There are 2 protein chains.
Amino acid sequence: MTLQNKVQIITYPDSMGGNLLTLHYCLRKFLMNAVGGVHILPFFPSSADRGFAPSTYDEVDPQFGTWDDVEKIGADFDLTVDFMVNHISRQSVFFQDYLEKGADSAYADMFLSFSKFGPDGISDDDLAKVYTRKPRPPYLEIQRPDGSIERVWCTFDYEQIDLDWSSPLTRSLMRNVLIRLARTSAKMIRLDAFAYTTVEIGTNCYFLEPAVWELLDWLKGCVAPFGVDVLPEVHEESSYQQKLSQHGFWCYDFSLPMLTLFTLFEHTNKRLLEWLRICPRKQFTTLDTHDGIGIVDVVGLMDDDEIERTIETLYTKGSNAKKVYSGPEYQNLDIYQINCTYYSALSSNDDAYIAARAIQFFSPGIPQVYYVGLLAGENDTELLEQTRNGRDINRHNYSVEEIEEEFKRPVVQRLVKLMEFRSNHPAFQGNFTIAETPEDQLGLTWEHAGHYAALHVDLRSYRAELRHTDLTSGEEVLLVL
Amino acid sequence: MTLQNKVQIITYPDSMGGNLLTLHYCLRKFLMNAVGGVHILPFFPSSADRGFAPSTYDEVDPQFGTWDDVEKIGADFDLTVDFMVNHISRQSVFFQDYLEKGADSAYADMFLSFSKFGPDGISDDDLAKVYTRKPRPPYLEIQRPDGSIERVWCTFDYEQIDLDWSSPLTRSLMRNVLIRLARTSAKMIRLDAFAYTTVEIGTNCYFLEPAVWELLDWLKGCVAPFGVDVLPEVHEESSYQQKLSQHGFWCYDFSLPMLTLFTLFEHTNKRLLEWLRICPRKQFTTLDTHDGIGIVDVVGLMDDDEIERTIETLYTKGSNAKKVYSGPEYQNLDIYQINCTYYSALSSNDDAYIAARAIQFFSPGIPQVYYVGLLAGENDTELLEQTRNGRDINRHNYSVEEIEEEFKRPVVQRLVKLMEFRSNHPAFQGNFTIAETPEDQLGLTWEHAGHYAALHVDLRSYRAELRHTDLTSGEEVLLVL
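Residues numbered from 1 in each chain as written. Chains lettered and ligands numbered in written order. Predicted model: local features only at pLDDT ≥ 70, side-chain atom pairs only at ≥ 80, totals over all residues. Heavy atoms only, no water.

(A) Seen up close, the overall build of chain A. Per the secondary structure count, chain A includes 16 helices and 19 strands. At 23 Å, chain A has a C-alpha radius of gyration in line with the 23 Å of a compact globule built from 481 residues. Expressed along its principal axes, the backbone C-alpha trace of chain A runs to roughly 75 × 50 × 45 Å. Within the span of chain A, comprising 481 residues, buried residues form 62% of the whole. Of all intrachain contacts in chain A linking residues separated by at least 6 positions in sequence, the fraction that spans at least 24 positions is 70%. With the model as given, the accessible surface of chain A reaches about 18000 Å², and the carbon-plus-sulfur share is 49%. Of the charged side chains in chain A, 43 are positive and 71 negative, and the gap between their average positions amounts to 3 Å. (Helix = DSSP H or I, 4+ residues; strand = E, 2+ residues; numbered from the N terminus. Rg over C-alpha atoms; globule rule 2.2 N^0.38 Å. Buried < 20%, exposed > 50% of the residue type's maximum accessible area, 1.4 Å probe, protein only. Contact = heavy atoms within 4.5 Å. Areas by Shrake-Rupley, 256 points an atom, 1.4 Å probe, with all protein chains shown as cover. Lys, Arg positive; Asp, Glu negative; His and termini not counted. Charge placed at Lys NZ, Arg CZ, Asp CG, Glu CD.)

(B) The relation of the copies chain B and chain A, seen in detail. When chain B is fitted onto chain A, the two copies agree to an RMSD of 0.0 Å after a turn of 114° and an axial shift of 1.4 Å. In the structure described here, the two chain copies are related by an operation that fits a three-fold rotation axis. Proximity to the rotation axis, assessed at the C-alpha, singles out B:Asp68 in chain B; its C-alpha lies 7.4 Å from the axis. (Least-squares fit on C-alpha atoms with pLDDT ≥ 70 in both.)

(C) Seen up close, the layout of surface pockets. There is about 410 Å³ of room inside the largest pocket. Of all the secondary-structure elements, those providing two or more residues to the lining of the largest pocket are helix H2 (67-76) of chain A together with helix H2 (67-76) and helix H5 (168-183) of chain B. The residue inventory of the lining of the largest pocket, partitioned by class, reads seven nonpolar, five polar and eight charged. (1 Å grid on protein atoms, 1.4 Å probe; cavity = no way out; pocket = protein on both sides within 12 Å on 5 of 7 lines; lining within 4 Å. Points joined across faces, edges and corners; volume = space filled by probe spheres on them. Nonpolar A, V, L, I, M, F, W, Y, C, P; charged D, E, K, R; others polar.)

(D) Structural detail: the sheet that holds strand E18 (residues 464-469) of chain A. Residues and elements named next belong to chain A. Spatially, five strands are ordered E15-E16-E17-E18-E19 in an open sheet, and the strand pairing comes out antiparallel. Of all the strands in the sheet, the pair left with one neighbour each is strand E15 (431-434) and strand E19 (476-480). Direction aside, the axes of adjacent strands within the sheet are offset by 15° on average. The pairing of E15 with strand E16 (residues 441-448) spans four bridges and is antiparallel. Across the sheet, threonine 433 pairs through a bridge with threonine 445, a residue of E16. (Pairing = 2+ DSSP bridges. Axes fitted to C-alpha atoms, helices over the stretch in contact; angles between N-to-C directions.)

(E) Region of the structure containing the environment of A:Met258. Residues and elements named next belong to chain A. In this structure, methionine 258 sits in helix H8 (residues 256-266). Take methionine 258: its relative accessible area is 0%, and that puts it in the buried class. Sequence spacing of methionine 258 and aspartate 297 is 39 residues, and the spatial spacing of their C-alpha atoms is 8.5 Å.

(F) The pattern of salt bridges, seen in detail. Across all of its chains, the model carries 70 salt bridges over all chains by this definition. Between A:Asp69 and B:Arg183 there is a salt bridge, with the nearest N and O atoms lying 2.7 Å from each other. With A:Asp69 in helix H2 and B:Arg183 in helix H5, the pair connects residues from two separate chains. Judged by relative accessible area, A:Asp69 falls into the buried class, the value being 6%. A salt bridge links A:Glu214 to A:Arg171, with the nearest nitrogen and oxygen atoms 2.9 Å apart. Residue A:Glu214 is found in helix H6 (residues 211-223), and its partner A:Arg171 is found in helix H5 (residues 168-183); the two are separated by 43 residues along the sequence. Given a relative accessible area of 41%, A:Glu214 falls into the partly exposed group. Given the relative accessible area of 15%, A:Arg171 is considered buried. (Salt bridge = Lys/Arg side-chain N within 4 Å of Asp/Glu carboxyl O.)

(G) A look at the nonpolar core. Core analysis: the biggest nonpolar cluster contains 293 residues, and A:Leu31, A:Phe83, A:Leu219, B:Leu31, B:Phe83 and B:Leu219 have the highest contact counts within it. Apart from the residues lying within four places of it in its own chain, the contact partners of B:Leu31 are B:Ile9, B:Cys26, B:Leu374, B:Phe407, B:Val416 and B:Met419. (Core = buried A, V, L, I, M, F, W, Y, C linked by side-chain atoms within 4.5 Å.)

(H) Spotlight on the sheet that holds strand E11 (residues 283-286) of chain B. Residue and element names in this part refer to chain B. Spatially, eight strands are ordered E9-E8-E3-E2-E1-E14-E11-E10 in an open sheet, and the strand pairing comes out parallel. Two strands bound the open sheet, and with one partner strand each, they are strand E9 (229-232) and strand E10 (251-253). Within this sheet the neighbouring strands show an average axis-to-axis angle of 30°, counted without direction. Bridge count between strand E1 (residues 8-11) and strand E14 (residues 366-370): three bridges; the pairing is parallel. Within the sheet, the bridge partner assigned to glutamine 8 lies in E14 and is glutamine 368.

(I) Helix H7 (residues 238-246) of chain A, seen in detail. Residues and elements named next belong to chain A. Considered for burial, the residues of H7 that qualify are Ser238, Tyr240, Gln241, Gln242 and Leu244. Of the surrounding secondary structure, the elements contacted by the buried residues of H7 are H6, strand E9 (229-232), strand E10 (251-253) and helix H9 (270-278). Remark: glycine 248 follows H7 within two positions and exhibits a positive phi of approximately 85°.

(J) Focus on the pairing of strand E2 (residues 37-40) of chain A. Residues and elements named next belong to chain A. Going residue by residue along E2, you find Gly37 and His39 tucked away on one face and Val38 and Ile40 tucked away on the opposite face as well. One ladder, built from four bridges, connects strand E1 (residues 8-11) with E2; its direction is parallel. Residue pairing across strands places isoleucine 9 opposite valine 38, the latter belonging to E2. Note that the unit made of E1, helix H1 (residues 20-30) and E2 has a crossover that is right-handed. (Right-handed = clockwise from strand over helix to strand, strands pointing away.)

Shown next, in the form of structure tokens:
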């Protein structure tokens, strides 16, 4: 059940052709040789946040398909599925029962009623300490028929009710869910919003040690007997990813998107190389996801000035990129992210975009490509204005016909060819080295069993070249990407 | 996913023992070594024409079994399933919704309402030009509650409503169906009645180029990513099969049945050899199918006199063969076909029948044997009189007990032995040559990698001999079939 060291795709269940069936079709038709895995974002019945407020994990939302459709994709590709570890839908049978029966509900102990923290609940001072990414305190207020008012812990949307992981009941019910997920063809369970699961009044309730390690070990223990691993999603300074890595867990490289923009905007390898020298090796690299481009993730790796300049360049040179799309007018969920497709962030410059992907694919880790990035999609301001949801700028739903058209574009063809190379050349199974180059050049090399693949990028012209051993003759081949 | 070059069986889901379970049993019990593939005729819920008016492809008709039964057969044999490309059931949710809501139906555009062709619909002159195989114009008249009358394109039975393949909606919905079929263990999708899918008013609406190629490429494109191919069913002059072959598609040899009858009736290899020299190599050969013996298929390969004489001989010497069974009294659907089993057409003469099958198996292509032919079945006039359906003469449903009895008959034993030879001798993977013989003899040879198999048929005595290399010793073996 080991994951293949090949490129993976991140996609909603319905964003490539409308459902899981067409997703499978597109993967097989266009990416059979380019991709080793796929992370299908949540496909369960959900009441909000495009799948991230699941009411159950037993079924697949019928608008996307069936479990059978998921399994058939999992038979062809390394499959990653989501477990919304922090919360469950307000519409779930669990919370609905609790709403109705209060403390008498069999599921009462799954949730974090403020009454659990003593007769006076939680003070406003303590609430103010809690790390939230939305400008409101972390609770939902329940008014019951008898006039009583109860507050329940709720960090994200009001449709997403936090689970109390200190409760044996939560553990027992969620273990069943995790076993079910692990028994499918999925090879990886992504733990959405993992860092918010630890609650201790008086702290910021964010990634609290050692509680966070106990929970992570427990979660992994639920799925490991089925050969499945966990991938905690934490959007924070890179030291968090380093810690996950030190504890032996998979993690994300969410700092690469900003670092690569900076590298290309300012024609300097400096910050990127500092990071590549120390970054975790057992990680997934990204340039884009269904969320925005992370800013907090790069704090400590770039100084404030550099971050500020990169953001400014993105807004002045990017295609259709406006600050307002990442602000409260567009319901932005996370003030630490910029809503923009990666292709638009690079001014829809094909050479810069291919250079960015080449840098990602040559960085240590398993590369993930978000479906909009796969198709070199530009900002979808039409959808954005329709929904007034900033993140929809990077969530265009493609029909099969659109996808067929997009695949004909030279930039997409170049990218697919590069993905095929990354997914199949043996050099990537070996050792990573960084070449000595001037600051405005970049040289990254992989070597394994007599094979090598060496990337060279001119950070001024964005020209990217690849020297590698041919798979049959073993001779060197030079490829302009 | 390449098809094995072995004999295939064509059968209804319920004609070998009553359901898919017993079919699987019979295939494994009697034919494991004789057969490489099976074409199971439509097993979906259907409102007419024994499966050819499917209301859905999501389910297997419970009277036959389940998708699991189909998949288990597909795990043992190269599986071919049908896609009724020309039409869908009048009882489908799609057409029922359209019946109810008319132009307001979400599925309206799937069908060919005459209103699509302008306010006056289609003139009688233009309707008269349409190629139909039934003596009625190609439409169904819908009378709506408000008294309005609408005509909808309908080439076959009134339960079979034609699909509008120029509609993006049809494409999108049917693509999902095709992907589902392709994801099963099926290796081949047979495209039933494919030639009727192109509609252009003022023409005969039959196999219109280039539209027919665009559609065929599109259909193949829907299943190809799953390693599945398509087989268009076209009953027409052999030039149509030649065209399909030139475009790289699989096709049927529907001219072989009449040619072989003529060859055996008149003791001459002339017409048969003319055809074998030029026939497509990537084809499926047949002597019998669930339809009748095709006449139009041989136009151009035999002259009118020869065709007429062959039909006359069939009726005078064949067992229980009467012209009336192919006429309107027996609801004949296709005036270009003769309703008769192949064994009865050859007067139930075992030697002639084995000679005919040997000729088929030595002709280029993958041979298909219809289940009644497998059991050397005679005309079922009892069933025919019960149903008054001419084609039921060749559609006897066998119980498992009957099948066990039939397999004891010498002619069936001889046929199975011949099938085992054809399915396993390596010579058939190689080159085909025609021997120089007198006109009343026939010599066909296959050679591959030092192995050969040479058929010799005396067209007067119907004695068929086989010289071939023994698989272990490599020595020549002479076999009287």
